[in-house]
Number of protein chains: 2
Amino acid sequence: MNLLKKLERYKTATERELRRYISEKDPKELYELMRYHVFAGGKRVRPALCLLSCEAVSGSYKNALPIAAAIELTHAFSLVHDDIMDHDDMRRGKPTVWKKYGEALAINVGDGIFTKAFETAFRLKNIPNKNKILENLSRSILEVCEGQAMDISFETKKIVTFREYIKMANKKTAALIRASTELGAMCGGGSKEEVQALKKYGEKIGLAFQIWDDYIDFASEKTGKTYGSDIIKGKKTSIVCHALEHANETQKKKLVKILETPAKRMNKELILKAAGILEEIGSIEFAKNYAFKLVRDAKRSLKDVRDSRAKEILLEFADFLVKRED
Amino acid sequence: MNLLKKLERYKTATERELRRYISEKDPKELYELMRYHVFAGGKRVRPALCLLSCEAVSGSYKNALPIAAAIELTHAFSLVHDDIMDHDDMRRGKPTVWKKYGEALAINVGDGIFTKAFETAFRLKNIPNKNKILENLSRSILEVCEGQAMDISFETKKIVTFREYIKMANKKTAALIRASTELGAMCGGGSKEEVQALKKYGEKIGLAFQIWDDYIDFASEKTGKTYGSDIIKGKKTSIVCHALEHANETQKKKLVKILETPAKRMNKELILKAAGILEEIGSIEFAKNYAFKLVRDAKRSLKDVRDSRAKEILLEFADFLVKRED
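Here, residues in each chain are numbered from 1, in the same order as that chain's written sequence. To read the labels, note that chains go from A and ligands from 1, taken in the order they are written. Selection of residues for local features in this predicted model requires a pLDDT of at least 70, selection of side-chain atom pairs for listing and counting requires 80 or more, and totals for whole chains, interfaces and linings are taken over all residues.

1. Some details on the overall build of chain A
Operational definition: Labels follow the DSSP assignment, with helices taken as runs of H or I lasting at least four residues and strands as runs of E lasting at least two, numbered in each case from the N terminus. Burial is judged by counting the other C-beta atoms within 10 Å of a residue's own C-beta: 20 or more makes it buried, 12 or fewer makes it exposed, and any count in between marks it as partly exposed, with every C-beta position built from the backbone.
If you tally the helices and strands in chain A, you get 15 helices and two strands. Each principal axis of the C-alpha atoms in chain A carries an extent, and together these give about 60 × 50 × 35 Å. When burial is assessed residue by residue, chain A has 53% of its 326 residues classed as buried.

In structure tokens form, the structure reads like this:
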């Protein structure tokens, strides 16, 4: 049975929880738009990790459902706002909220989904450490905002070190994935050691996820993604940050020039040239190996968690992260 | 002693709570911007109402401080996002966040302040009905989002009835003011009747505040505000909604035409003409009396709350609302 099949049960439970929870009709300018975005077909990876972590410490996944849904809604709201900030037109094959309904409604819809995230989290019942869980959740979301602020500021910085990039990605991407596993384990009543182990696992796979994302931008063209799309956008990915830090003066000059080329003046030749420089420096290979190492660390951190079907799936999931090509 | 002097103590306590609470340094692209907006000199009306309501039911105002601060932060975040939506350049004599730092950082700063609002609310300690308070808070914020969605949709509607306007204003403006008094009373351990009374008081003054805001747009020019600024923007205020509902065909045609005139082609003559029509229909007088009635109702709803200095200030505050000219 493949991994996605194994995750189906968690996805269905999350979907049901979210549907039940965002059911308001009026005003449709808020709720229809919230549903347009939330039910656009996400993979529900974060809630699945949350529910699995709950089960991995012998809890019933139902106890973690409100937090799993809250984390998914947090992720969803951040995407609505990110799409405005990045001027992205499409998401999951559909126009983004701001593109379809305008910026004002999109900002407001993001705020509405965000509010729902907290409302959902408050539904946690019979959990003795509820206060700690809620505090951890809001602290994690604040980290996402911190990471986003850093990422925006990177755009106008000439050089961003690999270390700065990792700090940013740990906040912007990994914090919410770490919250998924850590809070799942807390909802399941895990011991201090178990919670710590699952927290570490989440941290590592969260960062691996982001680095791998940067890596597959240079994977073979069969993935359907535009080869080198991050180069076209001039993004400071982990690969670019590593390269700029280790480039000689000639390489740096060439690379910066290509990254600063406006998207509409980009062409295949320039992208291949940039990719060539990144390969020369060894940055693409470096990122790939870095992601592999993170996954190894993530899996190792689960050694103190007792064996279970949930743990098996978590281990498999970590491997899956650095195999996927989209 | 004037009212503002009496409120000073509550403002200082709120200010201290907020300062202590938003003290992070790094990344400055998030926290410096959050402070830029939050400490730009707000009047802290909502927290004052919250703390007063707590005292009015014989609670110590310190018990309500986390909720008072959370409500102020909610108000603050909504202003950051509203300014982007409305393309407003200035607030409290300073450039708005998006104007000064760009839209992307501004959306993110709003999200950060919003997260802090919840984080602050979680700090409620030793309050038996904490769950109910948090649920009420998030429900109130969702109402603000609902009101905002309605308000945005009004822009493209030809006719908005006075009733629809009231529904919108009850959500967009009054919901958070109602939350201030209701949750303040809950934090103070008020009886069911006391909480209900202060809830009603908040609802009424919240709506009165908005209607009076629409009214003073036509007050004498000594207020410093541009006379008829809402007309220039073509806004569907309570006065305009009332007028469009009661206008004859000629009046309606003239009024709609002026409201649809782009701001840069507006002039004094057109504004005075619009004001003339609104007066003819009686809408300006209607709004004024409507606000007066709301204030009377608000004060009456406090009759079952035992006499105290806090209650006195709340009564005085209601009167103040429909005297202010800015």
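2. With respect to the environment of Arg309 of chain B
Residue position: Arg309 of chain B is located in helix H15 (residues 309-321). Placed 253 residues apart in sequence, Arg309 of chain B and Ala56 of chain B show a C-alpha to C-alpha distance of 7.8 Å.

3. Focus: the relation of the copies chain B and chain A
What counts, and what does not: Alignment of copies: least-squares fit on C-alpha atoms of residues with pLDDT of at least 70 in both copies. A residue pair is marked as a contact if its C-beta atoms, positioned from the backbone, fall within 7 Å.
Between chain B and chain A, the superposition needs a rotation of 180° and an axial shift of 0.0 Å, giving an RMSD of 0.0 Å. Interpreted geometrically, this transformation is the action of a two-fold axis. Interface overlap between copies: 100% of the residues of chain B at the interface are likewise at the interface in chain A, consistent with a symmetric, same-surface contact.

4. Observations regarding unusual backbone geometry
Residue Asp26 of chain A is joined to Pro27 of chain A through a cis peptide bond whose omega torsion reads 0°. Located in the positive-phi region is Ser58 of chain B, a residue other than glycine, with phi close to 70°. As for its position among the elements, Ser58 of chain B is in the loop between helix H3 (45-56) and helix H4 (61-86). Overall, Ser58 of chain B belongs to the partly exposed group, with 13 C-beta atoms counted inside 10 Å.

5. A closer look at the packing of helix H2 (residues 28-38) of chain A against helix H6 (residues 103-121) of chain A
Residue and element names in this part refer to chain A. To keep it simple, the criterion reads: Note on geometry: axes are lines fitted to C-alpha atoms, helical ones only across the stretch in contact, with angles between N-to-C directions running from 0 to 180 degrees. Reported orientations rely on four angle classes, namely roughly parallel under 35 degrees, roughly antiparallel over 145, roughly perpendicular from 65 to 115, and oblique for the rest. Under the scheme applied here, ten amino acids are nonpolar (Ala, Val, Leu, Ile, Met, Phe, Trp, Tyr, Cys and Pro), four are charged (Asp, Glu, Lys and Arg), and all others, including Gly, are polar.
One way to put it is that H2 packs onto H6 with a least axis distance of 9 Å and a crossing angle of 75°. One way to sum up the angle between H2 and H6 is to call them roughly perpendicular. Taking contact as the criterion, the partners of Glu29, Leu30, Leu33, Met34, His37 and Val38 in H2 are, on H6, Leu105, Asn108, Val109, Gly112 and Ile113. Residues of the contact of H2 with H6, tallied by class, amount to seven nonpolar, three polar and one charged.

6. Some points on the interface of chain B and chain A
Listed per partner, the contact involves 30 residues of chain B and 30 residues of chain A. For the side of chain B that touches chain A, the secondary-structure elements that each account for two or more residues are helix H2 (28-38), H4, helix H6 (103-121) and helix H7 (130-154) of chain B. At 13 residues, the largest contribution of residues to the side of chain B that touches chain A is made by H7 of chain B. Class assignment for the residues of the side of chain B that touches chain A results in 17 nonpolar, eight polar and five charged.

7. As for H6 of chain B
Basically, it comes down to this: Helices are assigned an expected span. That span is 1.5 Å times one less than the residue count.
Taking 1.5 Å per residue, 19 residues should reach 27 Å; H6 of chain B reaches 27 Å between its end C-alpha atoms and fits that length. Within H6 of chain B, 18 of the 19 residues are buried, leaving the element largely enclosed by the surrounding structure.

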